[in-house]
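# Observations on the three-dimensional arrangement
Read off the chains here:
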Amino acid sequence: MSQVALVTGASSGVGEALAPRLAAAGWRVYGLSRRSVELTGVTSLPADISDAEAVSRAVRELVEREGRLDAVFHCAGVGGAGAVETMPTERAKQVMETNFWGSWNLCQATLPHLRQSPRGRLLLVSSIAGHMGIPFRSAYCASKAAVIALSDSLRLELQGSSVQVSCVSPGDIATNSIATQYRQPASELDPLYRERYRRADDAMAQNVDHGMTAAHVADRMITIAVRDSLAPHYVIGEPLQKISTIARRILPASAWEWVLGRYYS
Ligand SMILES: NC(=O)c1ccc[n+]([C@@H]2O[C@H](COP(=O)([O-])OP(=O)(O)OC[C@H]3O[C@@H](n4cnc5c(N)ncnc54)[C@H](OP(=O)(O)O)[C@@H]3O)[C@@H](O)[C@H]2O)c1
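Now for a description of the structure that goes with this document. (Residues numbered from 1 in each chain as written. Predicted model: local features only at pLDDT ≥ 70, side-chain atom pairs only at ≥ 80, totals over all residues. Heavy atoms only, no water.)

Tallied over the entire structure, the rule returns 10 salt bridges. Here Arg-119 ties to Asp-228 by a salt bridge, and the two come within 3.2 Å at their closest N and O atoms. Here Asp-228 lies in the loop between helix 7 (214-225) and strand 9 (233-236) and Arg-119 lies in the loop between helix 3 (89-114) and strand 6 (121-125), a separation of 109 residues in the sequence. Asp-201 is the partner of Arg-137 in a salt bridge, and the nearest nitrogen-oxygen pair spans 3.1 Å. With a gap of 64 residues between them, Arg-137 in the loop between strand 6 and helix 4 (138-157) and Asp-201 in helix 6 (residues 191-209) connect regions that are remote in the sequence. (Salt bridge = Lys/Arg side-chain N within 4 Å of Asp/Glu carboxyl O. Helix = DSSP H or I, 4+ residues; strand = E, 2+ residues; numbered from the N terminus.)

Dropping the structure here:
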């Protein structure tokens, strides 16, 4: 019997690359995002991940049609840039609503069904940025750190069940994510921050432009999901980016801040 998967963020980037790959591999696939998706072998389930009722409705529809849910690939997410001092709070909350509360909503809606599967899989996408603070990306880093903690807690709560949870932290991926996210205009920032903000924002945009392909990340996520045993964390990226998640913990603070300061200037 075909396995049934839900892919969030299927209208763009990693989710858009992942959903048709799963379908081509024989999975029955549903794609959830606010925009509807038209991808070969993928059934569209339009919903806003930050709206708990909408997510629950979409998942109910999937289960009514298929009678089961075996895997969730949670790729939906948004970025956001600005200085903590002046970034509009509503914008920062939107990042948290989508990335953290969206993950929460998805877990609540899907876990009862995943637990019925003999081989339930839940892959939550965080980011290397969730392992550290990055200048002028505070809300995003905080939201992705929260996803890592959510995933770690869930793994412990689900011990003794058939569901395996893992958190995937990619480095830069060449998608539209920078173009579509809120970025506070530099002119709104205090002169203390302005030039460093411009440089950090340019560096971020360039890193993303030259990042991994969404297809590469999608392939890695499929390889992870079909393993018999899932590790708590997978970091996907260039060696330097992968090392950064360890370096951040072992370097003295002054050395780490110097390195990161150079990277974003
Ligand atoms: N790009 C990078 O460099 C990078 C690096 C590390 C981690 N990540 C993470 O990897 C994941 C995929 O990133 P990506 O670059 O592929 O992003 P992307 O191309 O910007 O696509 C984001 C996807 O999330 C969906 N989405 C956003 N807000 C949503 C909402 N409120 N409700 C439902 N769906 C929503 C979007 O669909 P709609 O707009 O149609 O709703 C879209 O399908 C994200 O979690 C991102 O944070 C990205």
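So, about the sheet that holds strand 3 (residues 42-46). Ordered in space as 3-2-1-4-6-7-9, the 7 strands form an open sheet in which the pairing is parallel. One side of each edge strand has no neighbouring strand; the edge strands of this open sheet are strand 3 and strand 9. Along the sheet, successive strands turn relative to each other by an average axial angle of 20°, direction set aside. Two elements, strand 1 (residues 4-8) and strand 2 (residues 28-33), share 5 bridges in a ladder whose sense is parallel. Across the sheet, residue Val-4 finds its bridge partner in strand 2, namely Arg-28. The sheet strands contacting helix 4 are strand 6, strand 7 (164-170) and strand 9, and the helix crosses strand 7 at an angle near 160°. (Pairing = 2+ DSSP bridges. Axes fitted to C-alpha atoms, helices over the stretch in contact; angles between N-to-C directions. Contact = heavy atoms within 4.5 Å.)

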